[in-house]
Amino acid sequence: MPEELTLAELLALGEAEEGEAVEEEAEEEVPNPVLPTGNEILWAAVFFFALWAMMKYVLLPPIQRTRAERAAKISEARDAAGNASADIATAQADYDATINAARSEATSLVDAARAEADADRAEVMAAAEAEVATLRANAETELAEARATAMSALRDDVAAVAVGAASTVVGRDLDASSHRSIVDRILDGGDA
Amino acid sequence: MLLAAVEFPPIKNIVEWPDFGAGFNKIGLICAIAFAVPTILFLVAGRRAEMVPRGVQGFAETTVEFIEEQVAKPGIGVGYEPYVPLLVSFFVFIAIGNLFEVIPFFQMPMNARMGPPLVFALVAWAMFIGVGVRHNGAQYFKDVLFPPGVPKALYFLVTPIEFLSTFLVRPFSHAVRLFANMLAGHILLVTFSVLCISLWSLGLVAVILPFTFMGLVVFTAFEIGVSFIQAFVFAILAAVYIGGALHPAH
């Protein structure tokens, strides 16, 4: 057999060896590739129905159950997260309200303290001013008294000097008490 | 001239498989594996279920969620829940069966034979008619055959069409859509495989092999996508049919 023979040629040679009678018989037995055969329908039906039954009653239920549990868990976690968000919002609102209340209270306390301080300051100022007025009045009184005393002593001294001087001028002793009214009238700005 | 030596194998060789016994052939074996794989995976996922899904559980839950969100809810609408097991079964059984198109030593999609798609389509057909009758009684047939809003004079035309399209043609179109796509993909991959083998034998044209082989690789990847897309299309069509029976007024 030559080496350069192809597979097709080999197949052709093999077929030729089978003889014409065999070829005719084989041609008669060539099946229609489109028509189904009973055994293949049977095995396909048996195994498909078996798989369908297994899927329906054995295989899918645990998988579907697991998926449902997972979906429920995810939903539950999502709800919990939503509730946590609501709690956070509530806590934030409470915090803000507390902060605002504290600020309001602090402001009112500061205002009250400021008002009280103002009142105290006004009271202290009033007391101080009253005391100052009293002290001033007392000082003025004392000053007036001292001035009066000084003026009286000065008048006495002036009167005595004047009477002494007049006594020297006139060459005789003058009664100081009788001439005192003259000296007082001169000191008050009147005529002698 | 050399390409004329390329001989495509007879159709019998690419769609028919010998029995292992009791009519159990490669298609039966693929059906068994398409049953066993999701059963084991979903069993493991259900028994090791944790709040944070990982590994097999993540795969199973993602599959179920995908069917619920992308197939059942859009196709059926309100009241979709009882039909999720059927739609999940459709999707995983068909998708795994289709993937054997590219799995070494199998390299035959389960649905490139008409038997399995016909079974699925008949199940969907029986299911949507049963759902329609159960939820709407005889009114279901009236709503389907005599659509409201159509002028009565047109019923002589519309009613036979609706009867044919809904109750007779629908299961066959449902099955043939899946079967034809997978058979076409299978033949496509066989074609490129045969071409690669033949070109490998013909040393003179071996320069074409990289392109042919790349075509085989690309179409293999394409067929992996087709496997899932066809499973999705079949499942969503079943959901739409059931939804139409459940809410015929819509």
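Scoring rules and cut-offs
Residues numbered from 1 in each chain as written. Chains lettered and ligands numbered in written order. Predicted model: local features only at pLDDT ≥ 70, side-chain atom pairs only at ≥ 80, totals over all residues. Helix = DSSP H or I, 4+ residues; strand = E, 2+ residues; numbered from the N terminus. Buried ≥ 20, exposed ≤ 12 C-beta atoms within 10 Å, placed from the backbone. Axes fitted to C-alpha atoms, helices over the stretch in contact; angles between N-to-C directions. Parallel < 35°, antiparallel > 145°, perpendicular 65-115°, else oblique. Contact = placed C-beta atoms within 7 Å. Nonpolar A, V, L, I, M, F, W, Y, C, P; charged D, E, K, R; others polar. Expected span 1.5 Å × (residues − 1). Bend = angle between axes of the 7 residues up to and from the residue. pLDDT = per-residue confidence, 0-100. Left-handed = near helix turned anticlockwise from the far one by under 90°. Core = buried A, V, L, I, M, F, W, Y, C linked by C-beta atoms within 7 Å.

A.B. asks: With reference to specific residues and values, describe the overall build of chain A.
C.D. replies: In terms of regular secondary structure, chain A is built from four helices and zero strands. Going from the N terminus to the C terminus, chain A shows its helices and strands as α-α-α-α. In chain A, which comprises 192 residues, the share counted as buried stands at 7%.

A.B. asks: Explain the overall build of chain B to me, using residue names and the numbers behind them.
C.D. replies: When helices and strands are tallied, chain B shows eight helices and zero strands. Listed by position from the N terminus, the elements making up chain B come as α-α-α-α-α-α-α-α. Dimensions of chain B along its principal axes, counting C-alpha atoms only, are 70 × 55 × 40 Å. The buried share among the 250 residues of chain B stands at 38%.

A.B. asks: Break down the packing of helix H3 (residues 38–170) of chain A against helix H2 (residues 26–47) of chain B for me, citing the residues and quoting the values.
C.D. replies: As a packed pair, H3(A) and H2(B) sit with axes 9 Å apart at the nearest point and diverge in direction by 5 degrees. Classified by the interaxial angle, the pair formed by H3(A) and H2(B) is roughly parallel. Across the interface between the two elements, A:Asn39, A:Glu40, A:Trp43, A:Ala44, A:Phe47, A:Ala50, A:Leu51, A:Met54, A:Leu59, A:Pro62 and A:Ile63 from H3(A) touch B:Ile27, B:Gly28, B:Cys31, B:Ala32, B:Ala34, B:Phe35, B:Pro38, B:Thr39, B:Phe42, B:Leu43, B:Ala45 and B:Gly46 from H2(B). Among the residues forming the contact of H3(A) with H2(B), the class breakdown is 18 nonpolar, four polar and one charged.

A.B. asks: Quick rundown of helix H3 (residues 55–76) of chain B? Include the residues and the values.
C.D. replies: Since the α-helix packs 3.6 residues into each turn, any two residues three or four apart lie on the same face. With 22 residues, H3(B) extends 30 Å between its outermost C-alpha atoms, agreeing within 8% with the 32 Å of an ideal straight helix rising 1.5 Å per residue. Along H3(B), the sharpest change in direction is near 35 degrees and occurs at B:Glu68. Within the sequence span of H3(B), burial applies to B:Gln57, B:Ala60, B:Val64, B:Ile67, B:Val71, B:Ala72, B:Gly75 and B:Ile76. Those residues of H3(B) that are buried lie in contact with H3 of chain A together with H2, helix H4 (84–99) and helix H8 (209–246) of chain B. In the segment just after H3(B), B:Gly77 is the residue with positive phi, at about 85 degrees.

A.B. asks: Can you explain the interface of chain B and chain A? Please cite residues and give values.
C.D. replies: Contacts between chain B and chain A engage 44 residues on the former and 36 residues on the latter. Taken together, the elements giving at least two residues each to the side of chain B that touches chain A come down to helix H1 (11–15), H2, H3, H4, helix H5 (115–136) and helix H7 (155–201) of chain B. Residue classes in the side of chain B that touches chain A are distributed as 30 nonpolar, nine polar and five charged.

A.B. asks: A description of the confidence of the model for chain B should follow, citing residues and the corresponding values.
C.D. replies: Of the residues in chain B, 95% have a pLDDT of 70 or more, and the chain-wide mean is 89. Ranking the elements of chain B by mean pLDDT puts H1(B) last with 74 and H4(B) first with 97.

A.B. asks: How would you summarise the packing of H3(A) against H5(B) if you had to cite specific residues and measurements?
C.D. replies: Two elements in contact, H3(A) and H5(B), have axes separated by 8 Å at closest approach and are oriented at 50 degrees. In terms of their interaxial angle, H3(A) and H5(B) are classed as oblique. Of the two possible hands of crossing, H3(A) and H5(B) adopt the one that is right-handed. In contact with A:Glu40, A:Ile41, A:Ala44, A:Ala45 and A:Phe48 of H3(A), H5(B) contributes B:Gly115, B:Pro116, B:Leu118, B:Val119 and B:Phe120. The class makeup of the residues in the contact of H3(A) with H5(B) is eight nonpolar, one polar and one charged.

A.B. asks: Please provide a residue-by-residue account of the nonpolar core, values included.
C.D. replies: Residue and element names in this part refer to chain B. Leu87, Phe90, Phe91, Ala235, Ala238 and Ile242 are the most contacted members of the largest nonpolar core, which totals 70 residues. Ranked by residues supplied to this core, first place goes to H4 with 12 residues. Excluding residues that lie within four positions of it along the chain, alanine 235 makes contacts with Ile67, Val71, Leu87, Phe90 and Phe91.

A.B. asks: Outline H3(A), supporting the account with residue identities and numerical values.
C.D. replies: All names here are of chain A. Counted at 1.5 Å a residue, the expected span for H3 with its 133 residues is 198 Å, and the 186 Å between its end C-alpha atoms agrees. Its axis deflected by about 55 degrees at leucine 60, H3 carries its strongest bend there, up to four residues before the proline proline 61. Looking one or two places after H3, you find glycine 171, whose phi comes out positive at around 80 degrees.

A.B. asks: I'd like to hear about the environment of B:Ile94, residue by residue, with values.
C.D. replies: Residues and elements named next belong to chain B. One can find isoleucine 94 in helix H4. Taking the C-alpha atoms as reference, isoleucine 94 lies 8.8 Å from phenylalanine 232; in sequence the two are 138 residues apart. Those residues in contact with isoleucine 94, other than ones at most four positions away along the chain, are Asn111, Phe120, Leu178, Gln230, Ala231 and Phe234.

A.B. asks: Could you give an account of the environment of B:Pro53, naming the residues involved and the relevant values?
C.D. replies: Residue and element names in this part refer to chain B. Here proline 53 lies in the loop between H2 and H3. Classification of proline 53 as partly exposed rests on a count of 19 C-beta atoms within 10 Å. In this view, proline 53 contacts Gly58 and Glu61; residues no more than four positions away in its chain are not counted.

A.B. asks: So what about unusual backbone geometry? Which residues, and what values?
C.D. replies: Residues and elements named next belong to chain B. The phi dihedral of phenylalanine 105 is positive, around 75 degrees, even though this residue is not glycine. Position of phenylalanine 105 relative to the elements: it lies in the loop between H4 and H5. Even without glycine at this site, glutamine 107 takes up a positive phi of about 45 degrees. Here glutamine 107 shows up in the loop between H4 and H5. Residue glutamine 107 is classed as partly exposed on the basis of its C-beta count, with 16 C-beta atoms lying within 10 Å.

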